[in-house]
Amino acid sequence: MFEPNMLLAAMNNADSNNHNYNHEDNNNEGFLRDDEFDSANTKSGSENQEGGSGNDQDPLHPNQKKRYHRHTQLQIQEMEAFFKECPHPDDKQRKQLSRELGLEPLQVKFWFQNKRTQMKNHHERHENSHLRTENDKLRSDNIKYREALANASCPNCGGPTAIGEMSFDEHQLRLENARLREEIDRISAIAAKYVGKPVSNYPLMSPPPLPPRPLELGMGNFGGEAYGNNPTDLLKSITTPTEADKPVIIDLAVAAMEELMRMAQVDDSLWKSLVFDDEEYARTFPRGIGPRPAGFRSEASRETAVVIMNHVNIVEILMDVNQWSTIFAGMVSRAMTLAVLSTGVAGNFNGALQVMTAEFQVPSPLVPTRETYFARYCKQQGDGSWAVVDISLDSLQPNPPARCRRRASGCLIQEMPNGYSKVTWVEHVEVDDRGVHSLYKHMVSTGHAFGAKRWVAILDRQCERLASVMATNISSGEVGVITNQEGRRSMLKLAERMVISFCAGVSASTAHTWTTLSGTGAEDVRVMTRKSVDDPGRPPGIVLSAATSFWIPVPPKRVFDFLRDENSRNEWDILSNGGVVQEMAHIANGRDTGNCVSLLRSANSSQSNMLILQESCTDPTASFVIYAPVDIVAMNIVLNGGDPDYVALLPSGFAILPDGNANGGGDGGSLLTVAFQILVDSVPTAKLSLGSVATVNNLIACTIERIKASMSCETA
């Protein structure tokens, strides 16, 4: 069983030595005799026992009355003046003062002790009086507010409110729901015209209670990065829909929902031998977003899986842009909701319709991202299942910027026993992928990069991760297992932020500005700089990011196991200086043993106060090994349940993808992306030097060389 405080054991030993210098003085002050304490309070320190400490007593005359010595006015004035300058005189100062005043050094010592006690009591009495006044004022305000709330009335109906029985936020949400009711009814009436019967006749799901969030799923602006200065950022040119666009969007969404339900059927004629038939599709769905643009390629896939999550929670994740982009951080680099045309009916997402933008990515700078402008529509089916569909809205833009169009794509979610759900995912896009690097051409064209299997695999793995956060029956028998529930949540939340930051910074997003360095090897390293300012989760200064991708003739699982294993880390990690790397703690978060968050420590590291936070995750479509150095004191706070948002991280790591050539029973090779982030200067206004670029270039080159050498030895 792992104890978080073990991390600071060595530091506590060192700290204890630093406190010994004032131990004696503290003991003397903390244990004054009662008669000395009274003398200090009643006579302002002007009296003291003659001839030594108040604790001294003549053993031959135990009942003899003690003699007290009253200091002269001059002695008191001199000691008062000295006290203002130095309330804690040392032995030398006390001896000098005793000579000047004609007192014993012990008398001077006791006077200063009593004076300090007197000043402390005076400050405490003053502070208590102030706090008592503030407490009375707060109590009076509290009574006044309670009376006002008891007599409050609802602004909508004029009746009494129950705000005293609910939180203020809940009260505000109810007022907002009442205000939006008219708009919901209006949108529902429009949708009913296309569906053929009133939406209110559909079976409704009861309003879902807000589940406790094991991880506060929130991505913010592109993983917290301050991007958007690139003039080729296509998503910035997209505008919100106009009033005239809304009926068209509703029509497209309803038609897309019918199309998705047809394509999700197992025995549908569109899927011949599990291959999509474009000609049959064109005959079956003449409506939609129009013919395929010239130069675009059609890409369609379907995948089904049973995941360990309630269907209500899956719907909520898909309809919340922040949760969706966080759960699918390996696929979604950016996402935004531009408009909400309908929030749903009767407190759930049945009939909810949103207009969104998103950028889909492969974790490599060699694959262009896919920017899309689309509507997302959620609807509960007659059998109780739920469906969420996307449909592109590029035709509503005067100059469609995207290289990707989403035809009816989404998922059908069916409730299963014991909190499980069956998810059938359909991806149908038309894309211009002529900018894809030759290394990734086959993988992208076969659907391994953006297809339905990738989406379902990520969802399945993330559902397992969230389930592990909620688990309470953690076995404490294994060494290094973190059993503290709050510590587990904080550490997993920190690792989640690390993964999001890594994925957001390694792709070929249009918000990035990569510069290619032509190296001596076959791989070209791409670098990018950014300024980190006022971000508590990232060290301030100039951050240099560098990434490259290459092919290796080794199956992805073997590459993943090699890179995540702390025992083989010194074979590729140059910064470990060839030392042994030990795992200090870990949290398993999935069925596969490779899905794990770990705390590592390098024996030969030059920074003894640093640990390595690592998350390794794998599924049939991709694997990641992501790590970042973390301060040992900060990690101890996190492991005790503290807030992880203020732990500074600069993640580096690896993304491992199958090359798409696994056939004939073989495992194929791997497409490996290596990415590093280095703080080159702690001043955000500093200029980047060529030496820093050369350093990170050499770091990547040496790491790749070591990986290839180690893997070739294994395959030999």
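Residues numbered from 1 in each chain as written. Predicted model: local features only at pLDDT ≥ 70, side-chain atom pairs only at ≥ 80, totals over all residues. Heavy atoms only, no water.

The name given to the chain in an unreviewed UniProt entry is Homeobox-leucine zipper protein HDG2-like isoform X2, and the organism recorded there is Camelina sativa. For the record of the chain, the UniProt heading Subcellular location (unreviewed entry) holds the text "Nucleus". What the UniProt record of the chain gives under Sequence similarities (unreviewed entry) is the line "Belongs to the HD-ZIP homeobox family. Class IV subfamily." (UniProt positions renumbered as here; feature names shortened; annotations may be inferred.)

Q: With reference to specific residues and values, describe the overall build of the chain.
A: Assigned secondary structure in the chain consists of 17 helices and 21 strands. In the chain, which comprises 716 residues, the proportion classed as buried is 49%. Summarising the internal contacts of the chain: among those between residues at least 6 apart in sequence, 67% fall at separations of at least 24. Approximately 35200 Å² of the chain is accessible, and the part contributed by carbon and sulfur atoms is 52%. (Helix = DSSP H or I, 4+ residues; strand = E, 2+ residues; numbered from the N terminus. Buried < 20%, exposed > 50% of the residue type's maximum accessible area, 1.4 Å probe, protein only. Contact = heavy atoms within 4.5 Å. Areas by Shrake-Rupley, 256 points an atom, 1.4 Å probe, with all protein chains shown as cover.)

Q: Mind laying out the sheet that holds strand β17 (residues 596–602), listing which residues take part and the relevant values?
A: Strand order in the open sheet made by the 9 strands is β13-β14-β15-β21-β20-β19-β18-β17-β16, with antiparallel pairing throughout. Edge positions in the sheet fall to β13 (515–517) and β16 (581–588), since each has one partner strand and no second. For this sheet the average axis-to-axis angle between neighbouring strands, irrespective of direction, equals 20°. As judged from the 7 bridges shared by strand β14 (residues 525–532) and strand β15 (residues 541–552), these two strands associate in the antiparallel manner. Note on β15: the bridge partner recorded for Met528 is Ser545. (Pairing = 2+ DSSP bridges. Axes fitted to C-alpha atoms, helices over the stretch in contact; angles between N-to-C directions.)

Q: Pulling in residues and values, what's your account of the environment of Gly330?
A: Turning to its location among the elements, Gly330 is positioned in the loop between α11 (321–327) and β6 (332–342). Judged by relative accessible area, which is 12%, Gly330 ranks as buried. Residues Gly330 and Ala504 lie 174 residues apart in sequence; the distance between their C-alpha atoms is 8.1 Å.

Q: Lay out the packing of helix α4 (residues 73–85) against helix α5 (residues 91–101) with the relevant residues and their values.
A: Interhelical geometry of α4 versus α5 gives an angle of 155° and a closest axis separation of 11 Å. If you check the angle between α4 and α5, you find them roughly antiparallel. Once α4 is placed against α5, the crossing between them reads as right-handed. Counting all contacts with α4, which are made through Gln75, Glu78, Met79 and Phe82, the residues of α5 involved are Gln93, Leu97 and Leu101. Its residues assigned to classes, the contact of α4 with α5 comprises 4 nonpolar, 2 polar and 1 charged. (Parallel < 35°, antiparallel > 145°, perpendicular 65-115°, else oblique. Left-handed = near helix turned anticlockwise from the far one by under 90°. Nonpolar A, V, L, I, M, F, W, Y, C, P; charged D, E, K, R; others polar.)

Q: Provide a residue-level description of helix α15 (residues 556–564), including the pertinent values.
A: Taken residue by residue, α15 has Pro556, Val559, Phe560, Phe562 and Leu563 as its buried positions. Relative to the axis of α15, the buried residues are bounded by an arc of 165° and lie together on one face. (Arc of directions from axis to C-beta.)

Q: An account of the pairing of strand β12 (residues 421–431) is requested, with residue identities and associated values reported.
A: When you tally the buried positions in β12, you get 10 out of 11 residues, the bulk of the element. Of the strand pairs in this sheet, strand β5 (residues 297–307) and β12 are connected by 11 bridges, and their pairing is antiparallel. Its bridge partner being in β12, Arg302 is matched across the sheet by Val426. Of the strand pairs in this sheet, strand β10 (residues 404–406) and β12 are connected by 3 bridges, and their pairing is antiparallel. Note that in β12 the partner of Arg405 across the bridge is Glu430.

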